[in-house]
Structures are given as structure tokens and as C-alpha cells.
Amino acid sequence: MLNGNVKDVIDIIKRAGARLRKEGFPDVKFVIPNEETEEHSLAVAAAVLADPEARQYVGAIGYHPY
């Protein structure tokens, strides 16, 4: 997360998801979070999925397997 934190990720998902739905994309889903490590991806994904408003916009959890 470049100059951000987990709360920022959650806020972006909620705002972008709501805006896209408002603009006519009712089935929008995001791939989250694709951080630098699997562990960090899991931690951010867990936080996003714990937020009911953000969770509705999640379609997949990504990670970098290297």
C-alpha cells in the first residue's frame, strides 16, 4: 500500500464500489488486495471481509505466489 493503510483500502473499496453501482454497474466486484506477501494479503483481505459494506464488493482474493 503506497502511503496508505488497511483503513484506506477498505474506504476505497466501499467508495469505489458504491460509486460504480450508482453509475449503473450493479454487479461490480474487486480482486483484493494483492499485497507484497501472502501474509500481508491475507491480513488486509481479512480486514476488508470483516467490514460488511466493503465485503459486498469483493469477488476474489489475490496474492503473489513468488
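Owing to the predicted nature of the structure, the values given are computational and were not obtained by experimental measurement.

About the criteria used
Residues numbered from 1 in each chain as written. Predicted model: local features only at pLDDT ≥ 70, side-chain atom pairs only at ≥ 80, totals over all residues. Heavy atoms only, no water. Helix = DSSP H or I, 4+ residues; strand = E, 2+ residues; numbered from the N terminus. Contact = heavy atoms within 4.5 Å. Expected span 1.5 Å × (residues − 1). Core = buried A, V, L, I, M, F, W, Y, C linked by side-chain atoms within 4.5 Å. Buried < 20%, exposed > 50% of the residue type's maximum accessible area, 1.4 Å probe, protein only. Polar contact = N/O pair within 3.5 Å; in protein donor to acceptor, adjacent residues only side chain to side chain.

**Student:** Quick one: what's the story with the side chain of Lys 14, residue by residue and with numbers?
**Tutor:** Secondary-structure assignment places Lys 14 in helix H1 (residues 6-22). Leaving out residues up to four positions away in the same chain, Lys 14 has contacts with Asp 51, Glu 53, Ala 54 and Tyr 57.

**Student:** Now, about helix H2 (residues 38-50): what can you tell me, with residues and values included?
**Tutor:** End to end, H2 covers 18 Å across 13 residues, agreeing with the expected 18 Å (1.5 Å per residue, within 8%). Of the surrounding secondary structure, the elements contacted by the buried residues of H2 are H1, strand E1 (30-33), helix H3 (52-55) and strand E2 (58-62).

**Student:** Go over the nonpolar core with me, naming the residues and quoting the values.
**Tutor:** Membership of the largest hydrophobic core is limited to 11 residues, which are Val 9, Ile 10, Ile 13, Val 28, Ile 32, Val 44, Ala 45, Val 48, Ala 54, Tyr 57 and Val 58. Sorting the residues of this core by element identifies H1 and H2 as the ones contributing at least two each. Once residues lying within four places of it in the same chain are set aside, the contact partners of Ile 32 are Ile 13, Ala 45, Val 48, Val 58, Ala 60, Ile 61 and Gly 62.

**Student:** Residue-level account of the environment of Gln 56, with values.
**Tutor:** As for its position among the elements, Gln 56 is in the loop between H3 and E2. In the structure, Gln 56 is positioned 42 residues away from Lys 14 in sequence and 8.7 Å away in space, judged by C-alpha atoms. What Gln 56 contacts, discounting residues up to four positions off in sequence, is Arg 21 and Lys 29. Of note is the side chain of Gln 56, whose polar atom sits 3.2 Å from the side chain of Arg 21.

**Student:** Please set out the environment of Tyr 63 residue by residue, giving values where relevant.
**Tutor:** Checked against the element boundaries, Tyr 63 lands in the segment after E2. A relative accessible area of 47% places Tyr 63 in the partly exposed class. Along the chain, Tyr 63 and His 40 lie 23 residues apart, while their C-alpha atoms are 9.0 Å from each other. Apart from the residues lying within four places of it in its own chain, the contact partners of Tyr 63 are Asn 34, Glu 38 and Ser 41.

**Student:** Before we move on, can you summarise the side chain of Ser 41 with the specific residues and values?
**Tutor:** As for its placement among the helices and strands, Ser 41 is situated in helix H2. A polar atom in the side chain of Ser 41 sits 3.0 Å from the backbone nitrogen of Glu 35.

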